[in-house]
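Analysis of the macromolecular model
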Protein chains: 2
Amino acid sequence: MDRQRRGKNEGASAQERPTLKTLAFMTGLGVTTVSRALKDAPEIGAETRRRVQLVAKQIGYRPNRAGVRLRTGRTNVISLVLNTDREIMSFVSDIIYGVSEVLSETPYHLIVTPYSRSQDPMEPIRYLVETGSADGVIISRTQPNDPRARYMLEHGMPFATHGRTDMGLVHPYHDFDNHAFAMEAVRRLASMGRRKLALLSPPPGLTYYSHTLDGFADALSEVGATEVPFNTVSIDHTIEQIRSRTAQLMRRDVRPDGFVSSAAAATLAIVAGIEDAGLKLGRDVDVVSKQSSDLLHLFRRELLVVNENFRLAGSELARSVLGWIGGAAPGSLQSLVVSGDVQAFSQPVAV
Amino acid sequence: MDRQRRGKNEGASAQERPTLKTLAFMTGLGVTTVSRALKDAPEIGAETRRRVQLVAKQIGYRPNRAGVRLRTGRTNVISLVLNTDREIMSFVSDIIYGVSEVLSETPYHLIVTPYSRSQDPMEPIRYLVETGSADGVIISRTQPNDPRARYMLEHGMPFATHGRTDMGLVHPYHDFDNHAFAMEAVRRLASMGRRKLALLSPPPGLTYYSHTLDGFADALSEVGATEVPFNTVSIDHTIEQIRSRTAQLMRRDVRPDGFVSSAAAATLAIVAGIEDAGLKLGRDVDVVSKQSSDLLHLFRRELLVVNENFRLAGSELARSVLGWIGGAAPGSLQSLVVSGDVQAFSQPVAV
DNA sequence: TTGGCAATCTGTAACGTTTCAGTATATTGA
DNA sequence: TCAATATACTGAAACGTTACAGATTGCCAA
């Protein structure tokens, strides 16, 4: 249970980690001067500044994070808050890499703060705000009226959301244009002669649920197609649930001849369900799906895909939070990305 | 650029965050006493102890991490070191959740420390050790002679590896028995009458590469099958590379009638390659693949799968590092897991 | 009564950093 | 010449915690 502190290792060959005091001693200056010299304060002589910075670089000085944090309250930490059981696999992976990429050139560390199905989504947020464990937060699964965003806004915690809110409050976000996605998907299906379309939507409650539904509806009326209701499942349901519901649907008299799916894994289930019902993809029905990594075309080459780049989302979100922390106006840190490339893979790769 | 410190908010309705001093004032004790009372030190009277702990709980006292860290050197941080571009998607996601699950009941935070293709894998390790940014580290992509493990061992940084090393040094690890996996896979293919088998291996250099190869070879000789060399690609190659190499291979005169694949994404590429060559899965060739989430059977029901549980790996690794930090013998913190369930999905789900 | 001792409790210092309130020296204006 | 001012630097304090070295009290044996 007891842990040895990393004490002064006198006599050992290993060097003690340099601090401001070390630098002060080496340069013959006071710690205050050294501290200011390192951050280019104007009241330090140009030569002194250069000298201090040179020595610091030479001996590999790195500010002690605990010291800075205790003194300033700045943690140099960005927290990514994730749902442990509902988050899309590739989302987690890609967004972490996207965030990391941006943070790697800064003193910021990325901490992952998870919460599970059973927990209140507010809990990790309250924890972060109350303990001041991060300078900025990134959240996903954003809702139109999102208590997390409201809370952080009220408590002055900089954050960015993946997806927009709709509360009349302004904050940084990054969003994929799901309205455009749904429209494009419907148009695509319509252009192939599909007229009775079903939508496997995002989970109701999240903002992009209605974005997707609106886009779907708008395009339906534009192209004069009709909807076959398929709202007993969403992409949050299990593969098995989606599969059996799809099969059920496809066995009905009025069945869709086209699907729009908001997630790749769910699409696998839809296709399985279609085939369970004895129908054939590309002949009886077509499917347009979002995907975040280029794997669906390997699955069934008849699938139509739209790509959503989660890595980009991660980078943008990180940039936004850092921007807010750095004092930029939250309203200027919003981005909406449209994926133009609806593509089909109809030809096998030539060898 | 300038950041306001979270100063004392006198007059504001928001409470100042309680510290030991707050507790000391409220209980009428000294901060030292309060500090010790909270950690059940024996020299504190039983009643005092209870009283302090009660008040602490009531006002929601939480130790300031920066204070603890500055004073003790303990960071209460576990770092997960990940390769930004070679790591399997589901691995990242699942291992993070596995680790989180264990850490959630402790004061530890999880920080993700990434490194990219272009970087020396040692760089993040050196950073962590030199700056003392974590109390423990988890690494993946372990090599037989792993400089990262050696370095951390030399510098007294507790860690756990996903995969074993082979340097005669003892440290915590969690590993999936890839020797057993490869043997089971070969046996399975042999039992279906497959005799000429190809292996899509892990990347050479990693420890489980040779484990897999050995298991493959051992089982080949056991069942009297032969190997069709397929070692110009590994699961680290791109989908396209694996796909075209597979197609190439399948067009040769002596082509395999069975594949063993060490990763699910790679398996998609193998199947695509097989079909590119005009052959049919289940008829001309069978494939056994590892997978970490139950999706491959949706892809082609003829696929034979073995499950590797990365979430479990994450939990085990976290437990191991915590154990080491807590003073347990590193040799007692090793686990090897065997996946017995080789399973095939031959029947569509009945509806 | 005194000394010894256990049981409880306490003040001070230190971890590394930044900020506040200076100090010393040189420079300028009149 | 003197005061005012700018320039370059500095010590002390504080952030919240823990460890060290006491301090106080009551109790018991001598």
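Residues numbered from 1 in each chain as written. Chains lettered and ligands numbered in written order. Predicted model: local features only at pLDDT ≥ 70, side-chain atom pairs only at ≥ 80, totals over all residues. Heavy atoms only, no water.

Focus on the overall build of chain A
When helices and strands are tallied, chain A shows 13 helices and 12 strands. For chain A, whose C-alpha radius of gyration is 26 Å, the value lies well above the compact-globule estimate of 20 Å for 351 residues. Based on the C-alpha atoms only, the size of chain A along its principal axes is roughly 85 × 50 × 45 Å. Scored against the burial criterion, the 351 residues of chain A give a buried share of 51%. Taking the contacts inside chain A whose residues are at least 6 apart along the sequence as the reference set, 66% of them involve residues at least 24 apart. Surface accessibility of chain A: about 15700 Å² in total, with carbon and sulfur atoms responsible for 50%. (Helix = DSSP H or I, 4+ residues; strand = E, 2+ residues; numbered from the N terminus. Rg over C-alpha atoms; globule rule 2.2 N^0.38 Å. Buried < 20%, exposed > 50% of the residue type's maximum accessible area, 1.4 Å probe, protein only. Contact = heavy atoms within 4.5 Å. Areas by Shrake-Rupley, 256 points an atom, 1.4 Å probe, with all protein chains shown as cover.)

Focus on the packing of aromatic side chains
Residues and elements named next belong to chain A. Under the definition given, this model contains nine aromatic pairs over all chains. With 5.0 Å between their ring centres and 85° between their planes, Phe91 and Phe310 make a pair best called edge-to-face. In this pair, Phe91 is assigned in helix α5 (residues 89–103) and Phe310 in helix α13 (residues 310–325), connecting sequence segments 219 residues apart. The two residues Phe91 and Phe310 agree in class, both being buried. Between the NZ or CZ atom of Lys290 and the centre of the ring of Phe181, over which it lies, the distance is 5.6 Å. (Phe/Tyr/Trp six-rings, centres within 6.5 Å; stacked < 30°, edge-to-face > 60°. Lys NZ or Arg CZ within 6 Å of the ring centre and 35° of its normal.)

Regarding the interface of chain A and chain B
How large an interface is tends to be reported as the accessible area lost when its parts come together. Contacts between the two partners involve 58 residues from chain A and, on the opposite side, 60 residues from chain B. Across the chain A to chain B interface the summed buried area is about 5700 Å²; carbon plus sulfur atoms make up 57%. There are two salt bridges connecting chain A and chain B. Where Glu130 of chain A meets Arg62 of chain B, a salt bridge forms, and the shortest distance between an N and an O atom there is 3.8 Å. Our count for the contact surface shared by chain A and chain B stands at 10 residue pairs in polar contact (both at pLDDT 80 or more). Across the side of chain A that touches chain B, the residue classes tally to 26 nonpolar, 15 polar and 17 charged. (Buried area = accessible area lost by both parts, 1.4 Å probe. Salt bridge = Lys/Arg side-chain N within 4 Å of Asp/Glu carboxyl O. Polar contact = N/O pair within 3.5 Å; in protein donor to acceptor, adjacent residues only side chain to side chain. Nonpolar A, V, L, I, M, F, W, Y, C, P; charged D, E, K, R; others polar.)

A short note on the protein's contact with DNA strand C
In the region of DNA strand C, 27 residues are neighbours, and Leu20, Tyr61 and Arg71 of chain A together with Thr32 and Thr33 of chain B sit closest. At 2.7 Å, a backbone N or O of Leu20 of chain A approaches a phosphate oxygen of DNA strand C. Counting only elements with at least two residues in the surface near DNA strand C, the list comes to α1 (20–27), α2 (31–38) and α4 (65–72) of chain A together with α2 (31–38) and α4 (65–72) of chain B. The element contributing the most residues to the surface near DNA strand C is α4 of chain A, with four residues. Taken together, the residues of the surface near DNA strand C break down into seven nonpolar, 12 polar and eight charged. (Near = heavy atom within 4 Å.)

Notes on the protein's contact with DNA strand D
Surrounding DNA strand D, one finds 26 residues, the nearest of these being Gly30 and Thr33 of chain A together with Leu20, Tyr61 and Arg71 of chain B. Taken together, the sugar and phosphate atoms account for 59% of what DNA strand D places within 4 Å of the protein. Gly30 of chain A places a polar main-chain atom, nitrogen or oxygen, 2.7 Å from a phosphate oxygen of DNA strand D. Taking Thr48 of chain A, its side chain carries an N or O atom lying 2.8 Å from a phosphate oxygen of DNA strand D. Elements that contribute at least two residues to the surface near DNA strand D include exactly α2 and α4 of chain A together with α1 (20–27), α2 and α4 of chain B. At four residues, α4 of chain B tops the list of elements feeding residues into the surface near DNA strand D. Class assignment for the residues of the surface near DNA strand D results in seven nonpolar, 12 polar and seven charged.

Some details on helix α13 (residues 310–325) of chain B
All names here are of chain B. Look at α13: 22 Å from first C-alpha to last across 16 residues, which is about the 22 Å you get at 1.5 Å a residue. In terms of burial, α13 is largely enclosed, as 12 of its 16 residues are buried. Among all positions in α13, only Phe310, Ala313, Gly314, Ser315, Leu317, Ala318, Ser320, Val321, Leu322, Gly323, Trp324 and Ile325 are buried. Along its buried surface, α13 packs onto β1 (77–83), α5 (89–103), β3 (136–139), α7 (147–154), β4 (159–162) and β5 (173–176). (Expected span 1.5 Å × (residues − 1).)

A closer look at the relation of the copies chain A and chain B
Once turned by 180° and shifted 0.0 Å along the axis, chain A lies on chain B with an RMSD of 0.0 Å. Taken together, the turn and the small shift mark the pair as related by a two-fold rotation axis. A shared binding surface is used by both copies, with 100% of the interface residues of chain A retained as interface residues in chain B. (Least-squares fit on C-alpha atoms with pLDDT ≥ 70 in both.)

Some points on the pairing of strand β2 (residues 109–115) of chain B
Residue and element names in this part refer to chain B. Of all seven residues that make up β2, six are buried, and the element is covered over most of its length. Pairing of β1 with β2 involves seven bridges; the strand directions are parallel. Counted as the bridge partner of Val77 is His109 from β2. Handedness of the crossover is the feature at issue here: the chain leaves β1, passes through α5, returns alongside β2, and the resulting connection is right-handed. (Pairing = 2+ DSSP bridges. Right-handed = clockwise from strand over helix to strand, strands pointing away.)

Section: unusual backbone geometry
Residue and element names in this part refer to chain B. The phi torsion at Asp40 lies on the positive side, around 55°, for a residue other than glycine. With respect to the helices, strands and loops of the structure, Asp40 is situated in the loop between α2 and α3 (46–59). Judged by its relative accessible area of 49%, Asp40 is partly exposed. Backbone geometry places Arg141, a non-glycine residue, at a positive phi of 55°. The residue Arg141 is located in the loop between β3 and α7 in this model. Residue classification places Arg141 among the buried positions, given a relative accessible area of 17%.

Thoughts on the pattern of salt bridges
A side chain with one charge can pair with a side chain of the opposite charge if their charged atoms come near. For the coordinates displayed, the defined rule picks out 36 salt bridges over all chains. Here Arg49 of chain A makes a salt bridge to Asp40 of chain A, at a shortest N to O gap of 3.9 Å. The partner of Arg148 of chain B in a salt bridge is Asp146 of chain B, with the nearest N and O atoms 2.8 Å apart. Each member of the salt-bridge network shares a partner with another, and the members are Arg86, Arg141 and Asp236 of chain A.

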